[in-house]
Amino acid sequence: MNLAIALVHYPIYNRKGEVGCTNVTNFDLHDLARLARTYGLHHYYVIHPYQSQRDMVTRIHQYWTEGLGSKLNPDRKEAMDLLVVLASLGEAIQHVTNSYGRAPWLVYTDARSLFPPLTFQRLRRMLKTRKAPCLLIFGSGWGIQREEIRRGNYFLQPIVTSSNYNHLSVRSAASIILDRLLGER
Ligand code: SAM
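Just so you know, these numbers come straight off a predicted model, no measurement behind them. (Residues numbered from 1 in each chain as written. Predicted model: local features only at pLDDT ≥ 70, side-chain atom pairs only at ≥ 80, totals over all residues. Heavy atoms only, no water.)

Could you clarify how one ought to interpret unusual backbone geometry in this entry?
Negative phi is the rule for most residues except glycine; trans is the rule for most peptide bonds. A cis amide bond links Y10 to the next residue, P11, at an omega of -10°. On the secondary structure map, P11 appears in the loop between β1 (3-8) and β2 (12-13). (Helix = DSSP H or I, 4+ residues; strand = E, 2+ residues; numbered from the N terminus.)

Here is the structure:
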């Protein structure tokens, strides 16, 4: 599958609309790695600019891929093997380029209709027809800074429901999106 996902922790809005960093959540590591493995993705990038946060992710990753966790739960090892922790999106783009031999095109997500959107249907088709890999980028906190999203190639249509409540966790949002893109029809 020529698709990888990234979870970014900077530049992210906080509840006041200020831009900063969020902390890594352990559930995001496991659940998005299991999601990536389930849909046959190549990699799941966890991106954080702080070395201390990356060190924490590395310790968790090592436990489940090399340590006792890998023995106790080989299925979880298989998922966590897809996880790569990096300092920046630029490093993730380089990693994808090295892995696939082509640079990825970037698709950002957000809960709000920030830019003219790429529909799920069109992205499904592009994933089937394009040779270059896609890097689908998810945020944390109150969403990725708009200027950062503008740097991408595409902005994916947000998940919208008939209710006026729109506060999905990134784990839920990523699950819904990946199934709309790759799930059985
Ligand atoms: N209020 C934030 C927002 O508007 O995106 C919620 C952020 S949510 C905790 C973290 C990430 O989940 C978002 O950056 C986005 O990647 C994804 N996400 C959450 N709700 C979404 C939706 N309705 N459609 C698409 N992506 C969504």
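Next comes the rest of the account.
Teacher, can you tell me more about the site of the ligand here?
Of all residues adjacent to the ligand, which total 17 residues, the nearest are T109, R112, G139, I159 and N166. In the model, an oxygen atom of the ligand is placed 3.2 Å from a nitrogen or oxygen of the A111 main chain. At 2.9 Å, a backbone N or O of I159 approaches a nitrogen atom of the ligand. When isolated, the ligand has an accessible area of 540 Å², and the protein chains bury 91% of it. At three residues, helix α8 (residues 170-182) tops the list of elements feeding residues into the shell around the ligand. Within the shell around the ligand, the residues separate by chemical class into nine nonpolar, six polar and two charged. (Near = heavy atom within 4 Å. Polar contact = N/O pair within 3.5 Å; in protein donor to acceptor, adjacent residues only side chain to side chain. Areas by Shrake-Rupley, 256 points an atom, 1.4 Å probe, with all protein chains shown as cover. Nonpolar A, V, L, I, M, F, W, Y, C, P; charged D, E, K, R; others polar.)

Hey, could you run me through the nonpolar core in this one?
The nonpolar side chains of soluble globular proteins are, as a tendency, buried together. By size, the foremost hydrophobic cluster in this structure holds 38 residues, and its most contacted members are I5, L29, Y44 and L136. In terms of residue count, the dominant contributor to this core is α8 (six residues). Other than its neighbours up to four places away in sequence, L136 contacts L3, A4, I5, A6, V107, T109, L156, I177, L178 and L181. Membership of the second largest hydrophobic core comes to 20 residues, among which are V8, I12, L86 and L114. (Core = buried A, V, L, I, M, F, W, Y, C linked by side-chain atoms within 4.5 Å. Buried < 20%, exposed > 50% of the residue type's maximum accessible area, 1.4 Å probe, protein only. Contact = heavy atoms within 4.5 Å.)

Would you mind going over a nonpolar patch on the surface with me for this structure?
Among the surface-exposed residues, Y63, L68 and L72 lie close enough to one another that they form a single nonpolar patch of about 320 Å² accessible area. Along the chain, Y63 turns up in helix α2 (residues 51-65). On the basis of relative accessible area, Y63 is assigned to the partly exposed category, the value being 34%. (Patch = residues over 30% accessible without salt bridge, like charges linked within 9 Å, V, L, I, M, F, W, Y side chains within 5 Å. Salt bridge = Lys/Arg side-chain N within 4 Å of Asp/Glu carboxyl O.)

Just checking my understanding: could you explain the side chain of H9 for this structure?
The topology assignment puts H9 in the loop between β1 and β2. At 2.9 Å, the side chain of H9 and the backbone oxygen of I47 are in polar contact. In this view, H9 contacts G20, C21, T22, N23, V24, V46, I47, H48 and S140; residues no more than four positions away in its chain are not counted.

What should I look at first to understand helix α5 (residues 89-100) in this one?
Between the first and last C-alpha of α5 there are 16 Å, a value that for twelve residues agrees with the 16 Å anticipated at 1.5 Å per step. Within α5 the residues assigned to the buried category are L89, A92 and V96. Seen along its axis, α5 keeps its buried residues to an arc of 55°; they face one direction. Looking at the buried positions of α5, the neighbouring elements they touch are β1, β4 (44-47), β5 (83-86), β6 (105-108), β7 (134-138) and α7 (146-150). Immediately beyond the C-terminal end of α5, within one or two residues, lies G101, with a positive phi of roughly 85°. (Expected span 1.5 Å × (residues − 1). Arc of directions from axis to C-beta.)

Whenever I open this one, the packing of aromatic side chains confuses me. Can you help?
For any pair of aromatic rings, geometry is given as the distance between the ring centres together with the angle between the planes. As enumerated under the stated definition, the model contains three aromatic pairs in all. A ring pair is formed by Y63 and W64, whose centres lie 5.1 Å apart and whose planes are at 85°; its orientation type is edge-to-face. Its relative accessible area of 19% is what places W64 among the buried residues. Consider the rings of W105 and Y154, whose centres lie 5.8 Å apart with planes at 80°: the pair is edge-to-face. Of this pair, W105 sits in strand β6 while Y154 sits in strand β8 (residues 154-155), placing them 49 residues apart in sequence. (Phe/Tyr/Trp six-rings, centres within 6.5 Å; stacked < 30°, edge-to-face > 60°.)

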